[in-house]
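Here are the chains, one letter per residue:
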Amino acid sequence: MAVESMSITTLFTDSGPLLRYAAGLFALIFTLGPFVSARGQETNADAAAQADPAANADAEPEVEPDEPPPFDFAPYKTLVWVASDSPRVSADTMRDDLQKVLDRDFHAVWRTTIEDAPTSVASMALRVLSEVDFDTLAATDPVIAVKRSHDDAVRIRFAGDVGRYASSILTTTGRMEEVRSRLAGDPDSPKNAWLRILHAIEGDAVSLKDAWAKEDTEAILVSRGMAETLTEPEAKIIVPPITGQVIDAAEAYDKIFIVRIRTATTPMKVESVEFDTLMRYFGDTSQATVSSFNLLPEVVGATLRDVFAPVARIDDAGKSNAVGLVRASGLVTDKNSPALVNVGDVLVPMVRKDDRNGSPISIGPLDWAYLLTKELDGRRVKMDFHAGRAGGLQGRKNARTHRVGLRIRPRKDETLLRLHAKGDPNQPLIGYEIYEKELEGKSMTFIGRTDWNGRLNVEPNDEQPLRLLYVKNGGAVLARLPMVPGHHEKMIADLGGDDMRLQAESYIRGVQNSIIDLLAIRELFKARIMMRLERGDLEPAEELLEVLRNQPTNERLANDMGKRQSEFIKAIGKNANQQRKVDEMFSVTREMLTKHINPKLVRDLEEAMIVAKENGGKLPPKSDEESDGV
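Criteria and thresholds
Residues numbered from 1 in each chain as written. Predicted model: local features only at pLDDT ≥ 70, side-chain atom pairs only at ≥ 80, totals over all residues. Heavy atoms only, no water. Helix = DSSP H or I, 4+ residues; strand = E, 2+ residues; numbered from the N terminus. Contact = heavy atoms within 4.5 Å. Areas by Shrake-Rupley, 256 points an atom, 1.4 Å probe, with all protein chains shown as cover. 1 Å grid on protein atoms, 1.4 Å probe; cavity = no way out; pocket = protein on both sides within 12 Å on 5 of 7 lines; lining within 4 Å. Points joined across faces, edges and corners; volume = space filled by probe spheres on them. Nonpolar A, V, L, I, M, F, W, Y, C, P; charged D, E, K, R; others polar. Phe/Tyr/Trp six-rings, centres within 6.5 Å; stacked < 30°, edge-to-face > 60°. Buried < 20%, exposed > 50% of the residue type's maximum accessible area, 1.4 Å probe, protein only. Lys NZ or Arg CZ within 6 Å of the ring centre and 35° of its normal. Core = buried A, V, L, I, M, F, W, Y, C linked by side-chain atoms within 4.5 Å. Pairing = 2+ DSSP bridges. Axes fitted to C-alpha atoms, helices over the stretch in contact; angles between N-to-C directions. Parallel < 35°, antiparallel > 145°, perpendicular 65-115°, else oblique. Left-handed = near helix turned anticlockwise from the far one by under 90°. Arc of directions from axis to C-beta.

1. Considerations on the overall build of the protein chain
Part 1 of the reasoning: When helices and strands are counted, the protein chain shows 19 helices and 25 strands.
Part 2 of the reasoning: Relative to all contacts within the protein chain whose residues are 6 or more apart in sequence, the contacts with residues 24 or more apart total 69%.
Part 3 of the reasoning: Accessible surface, the protein chain: about 35,100 Å² in total, of which carbon and sulfur atoms supply 50%.

2. Brief notes about the environment of Ala312
Part 1 of the reasoning: Topologically, Ala312 is positioned in strand 11 (residues 311-317).
Part 2 of the reasoning: Note: C-alpha distance between Ala312 and Val404 (92 residues apart in sequence) is 5.5 Å.

3. Brief notes about empty space enclosed by the protein
Part 1 of the reasoning: Taken as a whole and judged by the stated rule, the model has one cavity of 30 Å³ or more.
Part 2 of the reasoning: Surrounding the largest cavity, 14 residues form its lining, Asp284, Val307, Ala309, Arg407 and Ile408 being those nearest its centre.
Part 3 of the reasoning: For the lining of the largest cavity, the elements supplying multiple residues, two or more each, are strand 10 (281-290), helix 13 (296-307) and strand 17 (401-407).
Part 4 of the reasoning: By residue number, the principal contributor to the lining of the largest cavity is strand 10, which donates three residues.
Part 5 of the reasoning: Considered class by class, the residues forming the lining of the largest cavity number six nonpolar, two polar and six charged.

4. As for the packing of aromatic side chains
Geometry of an aromatic ring pair is reported as the spacing of the ring centres plus the angle between the planes.
Part 1 of the reasoning: Per the counting criterion, the structure on display carries 11 aromatic pairs.
Part 2 of the reasoning: Arranged with centres 3.9 Å apart and planes meeting at 5°, the rings of Phe106 and Trp110 form a pair that is stacked.
Part 3 of the reasoning: By relative accessible area, Phe106 is classed as buried at 2%.
Part 4 of the reasoning: Given a relative accessible area of 4%, Trp110 falls into the buried group.
Part 5 of the reasoning: Among the aromatic side chains, those forming a connected cluster through ring pairs are Tyr76, Phe106, Trp110, Phe257 and Phe308.
Part 6 of the reasoning: Geometry around Trp212 places Lys147 over its ring, the cationic atom sitting 5.6 Å from the centre.

5. Notes on the environment of Lys100
Part 1 of the reasoning: In this fold, Lys100 is placed in helix 5 (residues 91-106).
Part 2 of the reasoning: For the pair Lys100 and Pro297, spaced 197 residues apart in sequence, the C-alpha to C-alpha distance is 8.8 Å.

6. Structural notes on the nonpolar core
Part 1 of the reasoning: Formed by 62 residues in total, the largest nonpolar core has its most connected members in Ile261, Val300, Leu419, Val471 and Leu481.
Part 2 of the reasoning: Ranked by size, the runner-up nonpolar core spans 23 residues in total, among them Trp81, Val132, Phe134 and Phe282.

7. With respect to the sheet that holds strand 24 (residues 476-483)
Part 1 of the reasoning: Taken together, the four strands give an open sheet; going across it, the order is 21-20-23-24, and neighbouring strands pair in antiparallel fashion. In the strand order of this sheet, the two ends are held by strand 21 (444-449) and strand 24, each with one partner. Taken pair by pair, the neighbouring strands of this sheet meet at an average axis angle of 30°, ignoring direction.

8. Looking at the packing of helix 15 (residues 538-549) against helix 18 (residues 600-614)
Part 1 of the reasoning: Put simply, helix 15 and helix 18 touch, their axes get as near as 11 Å, and they point 160° apart. By the criterion of interaxial angle, the relationship of helix 15 to helix 18 is roughly antiparallel. In the packing of helix 15 onto helix 18, the handedness of the crossing is left-handed. Listed contacts from helix 18 to Leu538, Ala541, Glu542, Leu545, Leu548 and Arg549 of helix 15 are Leu601, Val602, Leu605, Glu606, Met609, Ala612 and Lys613.
Part 2 of the reasoning: Broken down by class, the residue content of the contact of helix 15 with helix 18 amounts to nine nonpolar, no polar and four charged.

9. Re helix 6 (residues 119-127)
Part 1 of the reasoning: For helix 6, every residue scored as buried is listed here: Val121, Ala122, Met124 and Ala125. Buried positions in helix 6, seen along its axis, are confined to an arc of 165° and lie on one side of it. Of the residues in helix 6, the exposed ones pointing more than 90 degrees away from the buried face are Thr119 and Arg127.
Part 2 of the reasoning: Packed against the buried residues of helix 6 are strand 1 (76-84), helix 7 (134-138), helix 12 (246-252) and strand 8 (255-262).

This is the structure we're talking about:
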C-alpha cells in the first residue's frame, strides 16, 4: 500500500533497491531466454516425432555446411581413379607410394583420395581413354526412374522416399546383384528402404523398358542413360545411395583423374586424363611407359602432374581482358609449383550457367577463345581475352553463373584446321586464305590456303603459343580464329561461305562497267546529234535521237539490280555481315546510276531538236560565251 501512495517521481528517485532488483530480474530472464526457447523447441520437436515417427525416420539427415575458405586458400579436392588390366596393380597396391609422389608437388594444394575406378569407368578407360566424356560415364550410373504420373511423385525426393511411397521397383537380375554389392550404409536403414521393394524380372534392359509402358509399373532401376530416354510417361530420376556413382563423385570432388595402366604390354603403358567437375571438362591425356612395377607410382605421379590444369576464377571481364584469382595460390610456397599460373600461360575460358536446381543449362569452353596471361598481381592474374566473337566472358555476376579459365599445355606437333560452310560439313571452303595477325601489332602474315577439303595444317609457334588467325576470301575478312596449335588434334570452323557475296560483287562490277560504257555511248550520241543539228541535218539527227532513246534507261537498270539483290540476299540467308556488304555494294552502284544515267540528257537533246525545227531545221550559231563554255 505504501508503494501505491508514492508518486512516479518518488518511485524513480527514492526506490533504488527496487530498480536494482528489477534490473537483476531482467538480466536473469535474458540469460535464460535462449535456453528456455531451445528447450521449448526440443520439446516441440520431440512431440512432433512422437506424433509421426515414420516421418522422423525417413527424413534425410541435415548437415550444417562448413564455411568454405577463400578461393585462393581453398585446396583442390581430388580423386584418382585407377583402371588396371592386372590385379597386381590397384589403388591398394599403389596408394601409399603414389601419395608420397603427389605430396612433393601438391601436399598443400590437394586433398587426395586414391581408389579403384568403378567397373563401368574402368571398362571405358581401358578401351579408349582419350574419348571418354562426362555424359558417357554418367550414363552408366544406376538410378531409380519413377513415373512422374505417380500419385506421390511430388513427395519422392530421395531413394528412401521411393520405398515409402511405391510398392515395387523393377530391374534385371544382374543390376540387382550389382547395386546390392555397391550399397552404401546399413541395408536396414530408412534411406535403403527401396531395397525391400526391388524385384527382378526375366529378360534384359529392353524387357525392362517395355515394362515401363505398363500401367501397373511404378518405378524401374536402370542406367541413367536409359532413364533419360523414358518419355511415355516421363521419368523422375532418383539417385540411390550406392558407391561408385559418377554423378556423386563429380559433386564431391573438384578434379577427378582417371589413370589407365596396361601391364600386358612391354614396356607397361600409363595414360592419365583430368576431369574438371565444375565444367565437366576432360583435358588432354598424358602418356608414359614404365619397365618396372616398382616405378609405377613415380610414372603415374608424373602423368598426373602433367595433366593437372590450375583453375583461375574470372572475377572481372571486359571485351578484351580479364582478371582472375588462381585457386589455392595462397597455399603455394614454391614459385615453380604446377598449381600456379605464370606470365605467358594460355588458359581456356569456360562458362557454366545453372538453373535453380543447380543443373547446368549451358556449360563448357567458349568457341574459338583463349586467355593469355600478361601480368601477375599477387595471387591474381591479368589476362588478354582473344575470341572469335566479343562478349563471351562478359555478363552480370550471380550465384548461378561460373566463369573460370583452365591452363593448357599443347602436346601435339600440329593442329589440322578445317573450314566448311555453315550447317553443312560436307561443303568444304576451298582455297580460302589464312593470315596470322600479330597479337600486339597490326601486320598480317600469309599462312596458306585451304585445300580441296577445306583443310590446312597449322604448326605451333615456340615463342608465342597463341596465334591469331584470320580467314579471308576475295579480300573480305570472314572470321577471326584464335587458336593454340598443338592443343587439339583437329579444329573445325563452321563459317558462312563467301561465294554468294563474291557472285554479288562480280555482278555489281559488271553493272558498274556497263554504266561507264553506257555513259560514254550517250555522250557520243549527244555530240553527233548536236553536230548534225548545227549543220542542219535534221533527219539524221532525229534517227540518232531515236536510237539513243532505245538505249538502257535508269529505270530498267535499277529494276534489274533490285531483282538480283533480292536473289543474293535470299541465297546468303541469315549472315548479317554478308548481307550488309551486299547492300552497300548495291547502294553505291545505285548512286552511280542516278548520277550519270538520267533522262536529262535526252530531254536536253529533244529541246535542241525543237529549237532547230523552229529555226528552219538548223540550230542557231552559238554565242561567244557559249562557245567558250561560260
